[in-house]
Every structure is written in structure tokens, then in C-alpha cells.
Amino acid sequence: MASRLPGLSDVMKVQRVLLTAPVSADMGKQLARFFRAANADTGALVHDFADPDWNTRFLGDLYQDLSEAARARYALLQTPAFIESFILDRTLTPALDIYTLEEVDLIDPTCGSGHFLLGAFERLAPRWLRQRPDNVNVALQEALDRIAGIDLNPYAVVIARFRLLVAALKMAQVHKLRLAPDFHLHIETGDSLLHGFDQRDYTRAQVSLGLNTPQENLAMAADHLYRHAFAAEDLTATNRILARKYAAVVGNPPYIAVKDRAVSALYRERFSSCHGKYALVAPFCERFWALAKPLDNAQRAGYVGLIVGNAFMKREFGKKLVEAFFPALDLTHVIDTAGAYIPGHGTPTVILVGRSRLPASPVIRAAMGIEGEPSTPEDPSQGKVWRAIVDQIDLRDSESEWISVSDIDRTTLARHPWSMGGGGASSLKESIEDCSEKVLSDIADSIGITSFTLEDNAYIHDPETCRRQGIDPSLLRGMVVGDEVRDWFNNCESVAIFPYGEDFSPARLENFRTAFSFLWPYRVCLSNSKMFGGQTKVETGLHWFEYGRLTAGKLATPLSITFAFVATHNHFVLDRGGKVFNRSSPVIKLPASAGENDHLGLIGLLNSSTACFWLKQMFHNKGSTVDQHGARQRTSAFEDFYEY
């Protein structure tokens, strides 16, 4: 096809294996059903290529909706046009003000099906057409040469290339593919966290070689250059794109954690902000800023803008990002979008904007949420919360029903966790902390989980099942799960087979024939359950029937305070012993000398409205329900679930 249609040569620049991949019968049916879908009222095709606006967004929707496996593996997520436009207004537009047109370029290191790239082209192409009115094709190629994208998903890359080509043909007023110019597109398949220059090589080059430019000066001699490439990747082209510095770096990186342990280890080697069970927001923040043009002699620096999951603000993995990475650069805006209605975004998000330079101001502009979207807006770009963000972000100390905007001292945002509550919530939290004499860790011996079975289906059952099976009552304990810890009470409805003696050493299970016979069919699964570090339970020295973890010290004394790990409000409950606690119901253990009144006094404080307010400022808001459009749906803060 590329030989007959030269204009498609870059679009079809993929390995033959991708073009000959078989289409299953079910996939073929879905494709046919999609393209034949008709409007029930008019009978017209829903997806008609005869679009006067040449809109290609549906291609990304099609791929995302057809492949559940691809959506999960690559965390496919369409960036709404109003989000893309907002970020480009804060990055590409000001870059055009400080750089010459020839110097302005943009990259999306996680380009997906190309939304940011198309938005950038629609802004750059008219300027180049005005600068080069004598030759439309040359002008458009100049614009295309300044737009780059990288994505791990080869199919998304093909879609992005095609969409950008269609946008260029529209500008060139070419209506047939056989007449399309042979435009060159800078969109490649690859891992932008592994390919291109490595920060360690860049630092070495600056120190030992006195170089100020990245990998192109190191060539193939770079110590940490990642040389592996998959069949769909053009490593040379990918490295060429990622070796440059750009006037604007934008994107919507995946919100997920890395499941592949080897890849996760590679990221951890390359990016210092990868901490604990990190999500991809950590290394991508580093990568985005590393790709932006540094401060030059004219005091110009590149712009960075991205929308990311906000879990890093509260969860432990974000500590290095917040306390080590962000304080060292010019983060200019933190915009809480968790309350906005954003289709496809079931994960609470935040928009980060900054410059590739040292901090230029002692404050950071912050838009902090007060109320979420009250209902599903007909047009998400006109949602009440989103409109408040757009209208107020440039108005310092402005406040509405939905958000408040203020300049926060940079040192405040250099401490983890971030509290982004608007309407004075952050100030009230600080006042509460200023009045405190102690923190919980000062009086508690330990806080955390007591056990996890690794195979709940084998161990946890209703009492009647265990009675019918004749399992010895001495091997049964009430199992406390977080969902049942509510309103000062623990409604323990399940029991767990507890294969331990009174001293919490493993029981001789063969002496308990009914329990042994009941668990025996699960033996292989229980033996091969993976522990932290990748070893199986048996490889770590445990018996096949033991729990994956049992912290006996937390069960040695009867009194415990347990709480719901995920809930809308604070629920702390006194337990007087004889139970075992699921990972969803951690426990607080006071010293053995603490009596029941000491526990009840602490519970009264922990269940207070003051504690509820403070906890919600400190812990991760997981959001509420997700509607049919994949958007996080919230009508009031009462419905939000927090991870305590």
C-alpha cells in the first residue's frame, strides 16, 4: 500500500508482523458492528468517514474500546480535548512567546493515539503557513519536524501517525490519499523511560567531559545506553527523538504501577524518584523535565505540563518525588482536578506545570478542590469544577463553591504528603498540627497489618461451612475485614481457619484430620503462593498451610484498636482479643501496660470529627464511583473513599 500511496510511507512504517497479525472472528464481528452502527433516530451511520471536520479522534476510542487486554497492558486513556488545550495553553503558547518559531518544538513521551500532537500541530502549522506562504507543503513539513511523540504501544503509534497525516492533509487541502505529499512524521514506538539519553550518562558527560548537550555527544559510548529493542521499534529513530531537548514537553503518562519486575528494576536504576511500590508518575515526572530545554543565556527555559494520577501526593511512594525532585526545579502550578468531571479518568488526577530551571519564585500557584462536580455535565468542558479551574487559575486568592486558588510557599510543598484541600482546609490542618502535643506513633507500640493469608478463598469461610466440615473450633478465629469495621462496632461475620497453636507457632495439622483434609486440595496453590521477593511460601521456610504473614506480637495481648483501611470516614473499633485481622483492617497496638480505658480514650479521639477532617487532608482520596464514560463521579465529599 505504501508503494502505491507514497503519502502513507511514514504511517505504515511498522514491522510486517504487525500488519499481518490475524484478526479473530470475535474481533472481526466487533469491527463490523462498530462501523455499521447506525443512529436509531435517523438511520445514518454513527461513524462515517465523510466527516467535514476530518475528525479522527474516534480511531483512538475504537482501539481503546475493542481491546480490553491492550487497555489494561498499556493503560490506554484518551486525553479529553479540553484538558489537552489547557495544558498546551500553559506550555506551548508561552514557549512561542519566548522562543523563535524555528526554536519551538514539542514532544509527548507518552503520546498514545496522538491527542497532544494534533493539538500542537493545529497551533504550529498556521504560524508556519504564514511564515512560508510560498510553499504549503514545505511549511507543513516544518511544523511536523517540530512535533515528536513516543509510545510503547505500536498500534497506538500507527493511529497517531495517521491522525497527524490527516491533519496535515486537511491543512494542505489534499482530499485524496493518492495525492498526499510524502510528509515525514517523528512518531516512534519505544519506551521513553529506557531509550534516549540516560540521566547518569548526562551527568557524567557534564562533569567529566564538560558537555552541555545530551546523548548525541555521547554517541554509542554511553555507559547506560539501553540497546535492546523489540521488533516494532526503530531504536535509532527513537534515540534520535529522545536525545533532543524541547521547548514544550506535555503528556498524560500512565497511572499504573509496573508489573514486570525486570522492567521495574530498570526504571528504578535510572530514576531516583522510584521509591517503594512506585507508580509510573514518578519516573515520568523526571523524564518530562529532563526532556525540556534547560535555562539558556537568554534566561529562557522549556515548559513542562502533564496530567497524572494524584496518588503520589499522599502515598508513601511519592515521598522522594515531593521532597527531593520537585524542590530542585521550577514547579509553577499544581492544579487539583480530582473533583472535575473528566471522561475516561476514573483515577483522581492533578495537573502539574513547570519550567526546566531552578525555582524562580518562593511560591507555587495551587488550585485546591472544595466540592466535586454535582452531576454529570452534558459537556464535560463546561462542567462547573472545570470552568472554575479555567476561570480562577490566574486569579490569586480567588475562591468559589468549587475551588480556591492561592500561592503556596514552596517549602510547604516540599513536605510529603501534600494537602490540597481548598476553602481554608490546608490552613486549618496546619492549625490542628500546631496545637498537637504528641503524634500517634509516640504512644503506640506498632501500627499495621497483623496477617495476610495470600489465599483468602481457602482460609476464610462463613461459620456454618466450618461447622458442616467439622473443623475443630480451636483452629477457628473470627476474621475481621475492613468492610465490617463501622460505627464503633466490628460486625465479624466470617471465620478463618487459623493453623496455629496458642503460642502462635504452626499447628501439627495432621493431628486435626478434618482441617487437614479440608485444606489438602489447596496444597499446591498454598505452597506456591508468592511472597515478597518472588519466593514461594515453601521456599521461604514456611509450612504449606501457614499464612503468608502472621505478626504474632500484635496478637499476643488481647486489646487492639482496628480500623477500616478504606472507608468514607474514620472507623476505629476496640477488639478484646481472640480474632485475626485481614490486611484491610490494620491494628494499632498500645503498650501491654495500657488498659481498656486508655484504648477507649484514644478511640474517642480517633473517631472524632476533628480527626476525621485531619485524616481526610492527610490520606489518599481514592474517589467514588465511575460512570459509564469512565469518569470519576462524585456529588459530594461524603461519598469519597479514603485510604487510611
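Here the structure is shown first, and the text comes after it.
Conventions adopted
- Residues numbered from 1 in each chain as written.
- Predicted model: local features only at pLDDT ≥ 70, side-chain atom pairs only at ≥ 80, totals over all residues.
- Heavy atoms only, no water.
- Phe/Tyr/Trp six-rings, centres within 6.5 Å; stacked < 30°, edge-to-face > 60°.
- Helix = DSSP H or I, 4+ residues; strand = E, 2+ residues; numbered from the N terminus.
- Buried < 20%, exposed > 50% of the residue type's maximum accessible area, 1.4 Å probe, protein only.
- Core = buried A, V, L, I, M, F, W, Y, C linked by side-chain atoms within 4.5 Å.
- Pairing = 2+ DSSP bridges.
- Salt bridge = Lys/Arg side-chain N within 4 Å of Asp/Glu carboxyl O.
- Contact = heavy atoms within 4.5 Å.
- Polar contact = N/O pair within 3.5 Å; in protein donor to acceptor, adjacent residues only side chain to side chain.
- Axes fitted to C-alpha atoms, helices over the stretch in contact; angles between N-to-C directions.

Engineer: It is not clear to me how the packing of aromatic side chains should be interpreted in this structure. Could you clarify?
Structural biologist: Each aromatic ring pair is described using two quantities: the centre-to-centre distance and the angle formed by the ring planes. Counted according to the given criterion, the structure contains 20 aromatic pairs. Taking 6.1 Å as the distance between ring centres and 70° as the angle between the ring planes, the aromatic pair formed by Trp 289 and Phe 326 counts as edge-to-face. On the criterion of sequence distance, the pair formed by Trp 289 in helix H13 (residues 281-291) and Phe 326 in the loop between helix H14 (319-325) and strand S6 (330-336) is long-range, its members being 37 residues apart. Classification of Trp 289 as buried rests on a relative accessible area of 5%. Clustering of aromatic rings is evident, with ring pairs tying together Trp 289, Phe 312, Phe 325, Phe 326 and Trp 418.

Engineer: Please clarify how unusual backbone geometry should be interpreted in this entry.
Structural biologist: Peptide bonds are mostly trans, and most non-glycine residues show a negative phi. With an omega of 5°, the peptide bond running from His 416 to Pro 417 counts as cis. With respect to the helices, strands and loops of the structure, Pro 417 is situated in the loop between strand S9 (403-409) and helix H16 (425-435). Within the chain, Asp 487 stands out as a residue other than glycine whose phi angle is a positive 50°. With respect to the helices and strands, Asp 487 occurs in the loop between strand S14 (485-486) and strand S15 (489-490).

Engineer: I'm lost on the nonpolar core in this one. Help?
Structural biologist: Where a protein is soluble and globular, its nonpolar side chains tend to be buried together. Of all hydrophobic cores here, the largest spans 59 residues; its most connected members are Leu 92 and Phe 121. Leu 193, Val 249, Tyr 278 and Leu 413 belong to the second largest nonpolar core, which has 45 residues in total.

Engineer: Would you take a moment to explain the sheet that holds strand S21 (residues 579-581) for this structure?
Structural biologist: Strand pairs in the sheet, formed through backbone hydrogen bonds, run parallel or antiparallel to each other. Pairing is mixed in the open sheet, where four strands are placed in the order S12-S16-S13-S21. With partners counted over all chains shown, the strands left at the sheet margins are strand S12 (460-461) and S21, one partner each. Pairing analysis gives four bridges linking strand S13 (residues 476-480) to strand S16 (residues 494-497), with the strands arranged antiparallel. When the bridges of S16 are listed, Met 479 appears paired with Ser 494.

Engineer: How should I be thinking about the pattern of salt bridges in this particular structure?
Structural biologist: Charged atoms that come close allow side chains of opposite charge to pair. Following the criterion strictly, the structure yields 21 salt bridges and no others. Residue Glu 188 pairs with Arg 161 through a salt bridge whose shortest N-O separation is 3.4 Å. In this pair, Glu 188 sits in strand S3 (residues 186-189) while Arg 161 sits in helix H9 (residues 154-172), placing the two residues 27 residues apart along the sequence. Just as Glu 188 is buried, Arg 161 falls in that class too. The residue Arg 410 makes a salt bridge to Asp 330 at a minimum N-O spacing of 3.4 Å. Taken together, the positions of Arg 410 in the loop between S9 and H16 and Asp 330 in strand S6 put the pair 80 residues apart, joining distant regions of the chain. Here the two residues Arg 410 and Asp 330 agree in accessibility, since each one is buried. It is possible to trace a salt-bridge network through shared partners that takes in Glu 103, Asp 296 and Arg 300.

Engineer: I keep staring at helix H11 (residues 235-242) and nothing clicks. Help me out?
Structural biologist: What sets the pattern is the α-helix's 3.6 residues per turn: residues three or four places apart point alike. With respect to burial, H11 is a largely interior element, six of its eight residues being buried. Its buried side turned inward, H11 meets strand S1 (106-108), strand S2 (147-151), S3 and H13.

Engineer: Can you help me understand the pairing of S6 in this one?
Structural biologist: Within a regular strand, side chains alternate between the sheet's two faces. Taking burial as the measure, the seven residues of S6 include seven buried ones, the bulk of the element. As paired strands, S6 and strand S7 (residues 349-355) are joined by six bridges and run antiparallel to one another. By the bridge assignment for S7, His 333 is matched with Val 353. Relative to strand S8 (residues 363-369), S6 runs parallel, the two being bridged by three bridges.

Engineer: Looking at this structure, how should I read the side chain of His 461?
Structural biologist: Here His 461 is to be found in strand S12. Among the polar contacts listed, one links the side chain of His 461 to the backbone oxygen of Ala 458, at a separation of 2.8 Å. Residues contacting His 461, with those up to four places away along its chain left out, are Cys 466, Ser 494, Val 495, Ile 497 and Phe 518.

Engineer: I would appreciate a short explanation of the sheet that holds S6 in the present structure.
Structural biologist: The strand order across the open sheet built from nine strands is S3-S2-S1-S4-S5-S7-S6-S8-S9, with neighbouring strands paired in mixed fashion. Strands at the two margins of the open sheet, each flanked by one partner only, are S3 and S9. Each strand axis lies, on average, 15° off the axis of its neighbour in the sheet, ignoring direction. Taken together, the four bridges between S2 and S3 define a ladder with parallel strand orientation. When the bridges of S3 are listed, Ile 150 appears paired with Glu 188. Here H9 sits on the sheet in contact with S2 and S3, set at roughly 165° to S3. On top of the sheet, H11 reaches S1, S2 and S3; it is set at about 125° to S3, its chief contact.

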